[in-house]
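Letter by letter, the chains look like this.
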Amino acid sequence: MEHRLVELEIRLGLAENLVDELNLTVYRQQQQLDLLQQQLRHLHRQLEEGLAAGGRRHASEEIPPHY
């Protein structure tokens, strides 16, 4: 009986460690997502401001000079 109890305590400790690691991973990923969303909003804002100000078209939309 004692051996089974020790085995369960060991498994519980390992499971708690795994949950802590997973929580840290999720936290870091959320930080990365927040940063990427902030950068995307900034780029979108720049694009909208450029278009509103009559900014240049994208290079792929411009007619080459030899035409």
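The shown structure was predicted, so the numbers you read here are calculated from the model rather than taken from an experiment.

**A word on the overall build of the protein chain**
(1) Moving on: From N to C terminus, the protein chain includes 1 helix and 0 strands.
(2) Moving on: Taken over 67 residues, the protein chain has a buried fraction of 0%.
(3) Moving on: Split by element, the accessible area of the protein chain, about 6,900 Å² in all, is 59% carbon and sulfur.

**Comments concerning the pattern of salt bridges**
(1) Moving on: A full pass over the atoms with the stated rule returns 1 salt bridge.
(2) Moving on: Linking E7 and R11 is a salt bridge whose minimum nitrogen-to-oxygen distance equals 3.4 Å. Of this pair, E7 and R11 both sit in helix α1 (residues 2-52), 4 residues apart, roughly one helical turn.

**As for a nonpolar patch on the surface**
(1) Moving on: Residues V6, I10 and L14 make up a contiguous nonpolar surface patch of about 260 Å² in total accessible area.
(2) Moving on: Turning to its location among the elements, V6 is positioned in helix α1.

**So, α1**
(1) Moving on: The end-to-end C-alpha distance of α1 is 74 Å, a good match for the 75 Å that 51 residues give at a rise of 1.5 Å each.
(2) Moving on: Among the residues trailing α1, G54 stands out with phi positive, at a value near 75 degrees.

Parameters and conventions
- For every chain, the first residue of its written sequence is number 1, and the numbers climb from 1 along that sequence.
- It should be noted that, the model being predicted, local features are given only for residues of pLDDT at least 70 and side-chain atom pairs only at 80 or more, the latter also being counted only at that level, while totals for whole chains, interfaces and linings use all residues.
- To get the side-chain values, take all heavy atoms of the structure and skip hydrogens and water.
- A helix here means a DSSP run of H or I that spans at least four residues, while a strand means a run of E at least two residues long, and both kinds are numbered starting from the N terminus.
- Burial status follows relative accessibility: with a 1.4 Å probe on protein chains alone, a residue under 20% of its type maximum counts as buried, one over 50% as exposed, and anything between as partly exposed.
- Only the protein chains shown count as cover for residues, and all accessible areas are computed by the Shrake-Rupley method using a 1.4 Å probe.
- Put simply, a salt bridge is a Lys or Arg side-chain nitrogen that is within 4 Å of an Asp or Glu carboxyl oxygen.
- Note on patches: the residues involved have over 30% relative accessible area and no salt bridge, like charges join within 9 Å, and the nonpolar side chains Val, Leu, Ile, Met, Phe, Trp and Tyr join within 5 Å.
- Expected helix span is taken as 1.5 Å per residue step, with the number of steps being one fewer than the number of residues.

These values are about where atoms sit, not about what they do.
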